[in-house]
Amino acid sequence: IAMSVDGDEADAQSALGAAARAITQLERLDPSIAGWRELLEAAEANLSELALAAREYASTVDADPDHLVEVERRRDVLYRLRHKYGETLTEVLETATEAAAELDLLDTADHDLERLAERREEADAALTAAAVELRRLRTAAADALGDAVTALLPRLGMPHGRLTVAVMPLEAIGEAGGDDIAFVVQLNPGMEPRPLAQVASGGELSRVMLALKVVLADHDAVPTLVFDEVDQGIGGEVAVQVAEALAVVAQHRQVLVITHLPQIAARAAHHLSIAKRAAGGVATSDVRVLDGADRTEEIARMLGDADGAVALEHAAALLKEASPAGV
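Chemist: I keep staring at the layout of surface pockets and nothing clicks. Help me out?
Modeler: If a probe as big as a water molecule is rolled over the atoms, it shows which places are left empty. Computed from the structure, the largest pocket encloses a volume of approximately 660 Å³. Taken together, 22 residues make up the lining of the largest pocket; nearest its centre are Val257, Ile258, Thr259, His271 and Leu272. Residues belonging to the lining of the largest pocket are distributed by class as follows: 13 nonpolar, seven polar and two charged.

Chemist: Just checking my understanding: could you explain the sheet that holds strand β1 (residues 162-174) for this structure?
Modeler: Within a beta sheet, neighbouring strands are joined by backbone hydrogen bonds and run either parallel or antiparallel to one another. Read across the sheet, three strands follow the order β1-β2-β3 without closing on themselves; strand pairing throughout is antiparallel. Each having just a single partner strand, β1 and β3 (194-195) make up the two edges of the open sheet. Inspection of the sheet shows β1 paired to strand β2 (residues 177-186) by nine bridges, in the antiparallel sense. Of the residues in β2, the one forming a bridge with Pro169 is Asp179. Against the sheet, helix α6 (residues 109-152) contacts β1 and β2, and its axis sits at roughly 165° relative to β1.

Chemist: Is there a simple way to think about the packing of α6 against helix α8 (residues 202-215) in this case?
Modeler: Two quantities define a packed helix pair, namely the angle between the axes and the distance from one axis to the other. Remark: α6 packs on α8, axes separated minimally by 9 Å, with the N-to-C direction vectors making an angle of 120°. Our classification of the angle between α6 and α8 gives oblique. The handedness of the crossing between α6 and α8 comes out as right-handed. Contacts between α6 and α8 pair Leu145, Ala148, Val149 and Leu152 from the former with Ala211, Leu212, Val214 and Val215 from the latter.

What counts and what doesn't
Residues numbered from 1 in each chain as written. Predicted model: local features only at pLDDT ≥ 70, side-chain atom pairs only at ≥ 80, totals over all residues. Heavy atoms only, no water. 1 Å grid on protein atoms, 1.4 Å probe; cavity = no way out; pocket = protein on both sides within 12 Å on 5 of 7 lines; lining within 4 Å. Points joined across faces, edges and corners; volume = space filled by probe spheres on them. Nonpolar A, V, L, I, M, F, W, Y, C, P; charged D, E, K, R; others polar. Pairing = 2+ DSSP bridges. Helix = DSSP H or I, 4+ residues; strand = E, 2+ residues; numbered from the N terminus. Contact = heavy atoms within 4.5 Å. Axes fitted to C-alpha atoms, helices over the stretch in contact; angles between N-to-C directions. Parallel < 35°, antiparallel > 145°, perpendicular 65-115°, else oblique. Left-handed = near helix turned anticlockwise from the far one by under 90°.

Below, the structure written as structure tokens:
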């Protein structure tokens, strides 16, 4: 600025000098413009003050070419950052913050992996300990369940029956623990114990399940039980014992029993008779609810003589002695 005001031949002071000479020449021709000289003199004074102020300011500025290069470089960097990461410096700084967070995550990844490995080892140890404790509890419960069911089997027509609940460790721990559970039975003397599903007939299976339900009556949550062929191969006192076991289970559950034995049918709270007949050339099944005399006659029929007085008396006695328990 100072050079522009008072520098070389093209500065403002030189221009004002030329203007002063022009005014002097014009004033000779027209004295009325004498007032212009005052304006010119005021302009010269202002320019002198401006030049002085500019020189004083320049003396305070540290002219460092290297610093100027650095500033230009930073301006170039800022321009490229804005061009790549955002329209404003705020957006550029937000991108820098996100990048720093990702870098910190990468820097701490090894430590985090080590911590995760430690936590996994701790979890594996806790899981193994829990599986061992569960196996201990299962083994104790399995022994108690096997003994309790075995004690009931003779009363259900299997005098030599024995149930064992085997707890077998697995190679890997799963959702249900680290064990496999198998019900192993020996129902006849001289036979090797084998899994229940491989050795039991339908009736035997039903009675073993009945024994299980009697033992577990206070523990499981199955609302309805259905027993089919539970009376297969039994009769007499064993049938009475089976009926008693069914009555025990029926105190806690709804029990549906398909039976041909009067001893079992007489213990039921409700008696339904199912019979097939032909209707219009098509076989159909009828279900009737029996009560009163109809039930007595049905029990007598199951005894083998629906019309005999002795059978009817026997049927009436069974129904009278029985205490309905919801079977």
